Amino acid sequence: MRLPQQFYNQPTLKVAQQLLGKFLVHKIGKKTIISLITETEAYVGPKDKASHASRGKTPRTEIMFGQPGFWYIYLIYGMYYCLNVVTEKNDYPAAVLIRAVKLQPENNKLKTDGPGKLCRALKIDKKLNGQPAFGKTSLWIEDNGLKIKPSQIKKAPRIGVDYAKEYKDKLWRFYLNN
DNA sequence: AGATTGATCCAT
DNA sequence: TGGATCAATCTG
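My aim in this report is to walk through the structure given alongside it, one point at a time.

Cut-offs applied
- Residues numbered from 1 in each chain as written.
- Chains lettered and ligands numbered in written order.
- Predicted model: local features only at pLDDT ≥ 70, side-chain atom pairs only at ≥ 80, totals over all residues.
- Heavy atoms only, no water.
- Near = heavy atom within 4 Å.
- Polar contact = N/O pair within 3.5 Å; in protein donor to acceptor, adjacent residues only side chain to side chain.
- Helix = DSSP H or I, 4+ residues; strand = E, 2+ residues; numbered from the N terminus.
- Nonpolar A, V, L, I, M, F, W, Y, C, P; charged D, E, K, R; others polar.
- Patch = residues over 30% accessible without salt bridge, like charges linked within 9 Å, V, L, I, M, F, W, Y side chains within 5 Å.
- Areas by Shrake-Rupley, 256 points an atom, 1.4 Å probe, with all protein chains shown as cover.
- Salt bridge = Lys/Arg side-chain N within 4 Å of Asp/Glu carboxyl O.

1. Some details on the protein's contact with DNA strand C
Alright, step 1. Close contacts around DNA strand C come from 22 residues, with Tyr74, Tyr77, Asn84, Gly116 and Tyr163 the closest.
Alright, step 2. Counting only atoms of DNA strand C within 4 Å of the protein, the fraction found in sugar and phosphate groups is 61%.
Alright, step 3. Separating a base nitrogen of DNA strand C from a side-chain N or O atom of asparagine 84 is a distance of 2.7 Å.
Alright, step 4. Here a phosphate oxygen of DNA strand C and a backbone polar atom of lysine 117 are 3.1 Å apart.
Alright, step 5. Those elements giving two or more residues to the surface near DNA strand C turn out to be strand S3 (71-76), strand S4 (80-86), strand S5 (94-104) and helix H3 (115-121).
Alright, step 6. Take the surface near DNA strand C: its biggest share by element is four residues, from H3.
Alright, step 7. The residue inventory of the surface near DNA strand C, partitioned by class, reads 12 nonpolar, six polar and four charged.

2. Things to note about the protein's contact with DNA strand B
Alright, step 1. Taken together, the residues surrounding DNA strand B are Arg55, Thr58, Arg60, Leu75, Tyr77, Gly78, Met79 and Lys126.
Alright, step 2. Considering the 4 Å shell around the protein, atoms of DNA strand B inside it are sugar or phosphate in 67% of instances.
Alright, step 3. Tyrosine 77 is positioned such that a nitrogen or oxygen atom in its backbone is 3.0 Å from a base oxygen of DNA strand B.
Alright, step 4. Take glycine 78: an N or O atom from its main chain is 3.4 Å from a base nitrogen of DNA strand B.
Alright, step 5. Classifying every residue of the surface near DNA strand B by side-chain character gives three nonpolar, two polar and three charged.

3. Comments concerning unusual backbone geometry
Alright, step 1. Of note, the amide linkage connecting glutamine 104 to proline 105 takes the cis form, showing an omega dihedral of 0°.
Alright, step 2. Looking at the element boundaries, proline 105 is found in the loop between S5 and H3.
Alright, step 3. Located in the positive-phi region is tyrosine 77, a residue other than glycine, with phi close to 50°.
Alright, step 4. Relative to the elements of secondary structure, tyrosine 77 occurs in the loop between S3 and S4.
Alright, step 5. Here the phi dihedral of aspartate 91 falls at roughly 80°; this positive angle occurs in a residue that is not glycine.

4. Comments concerning a nonpolar patch on the surface
Alright, step 1. A grouping of Tyr77, Met79 and Tyr80 is seen on the molecular surface, where their side chains present a nonpolar patch of about 400 Å² in accessible area.
Alright, step 2. You can see tyrosine 80 is positioned in strand S4.

The following block contains the structure:
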């Protein structure tokens, strides 16, 4: 079952943890690429200095201020795309960054253990920016019925946000321990 | 630890 | 219009 828009209209920290163990599915023509989400990060609200939204609404970041359940995809360091999904209510900027996935089946050679790498492997680019993650769409998240116990979720500081002052040490990165 | 790479943002 | 910045990756 595809996750409905309402799923994303919840506290971001909750969404980030609940996305672990779900399937990220990208349908390209006849091909369907299925992967299991293993690592996420939460970017929460206008005061989170690690978030693009902390400097206010701009043409790039306005998608984060919009409705929940839409993809926010941006180019970083000139070479890599990062995949985020917008959370919480309209006008509250927040999103979950999907940092790592495992391809299904696992015998696939492609590496997907980083936000840039997974976008490359799943052929995700800016064309999907601003597209919905629910309903009839080519990229979505699927509830596969897997139950993740709280003890399987590890928490850690987010990557690459040393500049974020009082927000840099928040344990807003979540990953599965196997 | 350094190089890479280019869109974005903000200050001139 | 220009320069600093950047939620990353690869190479050695």
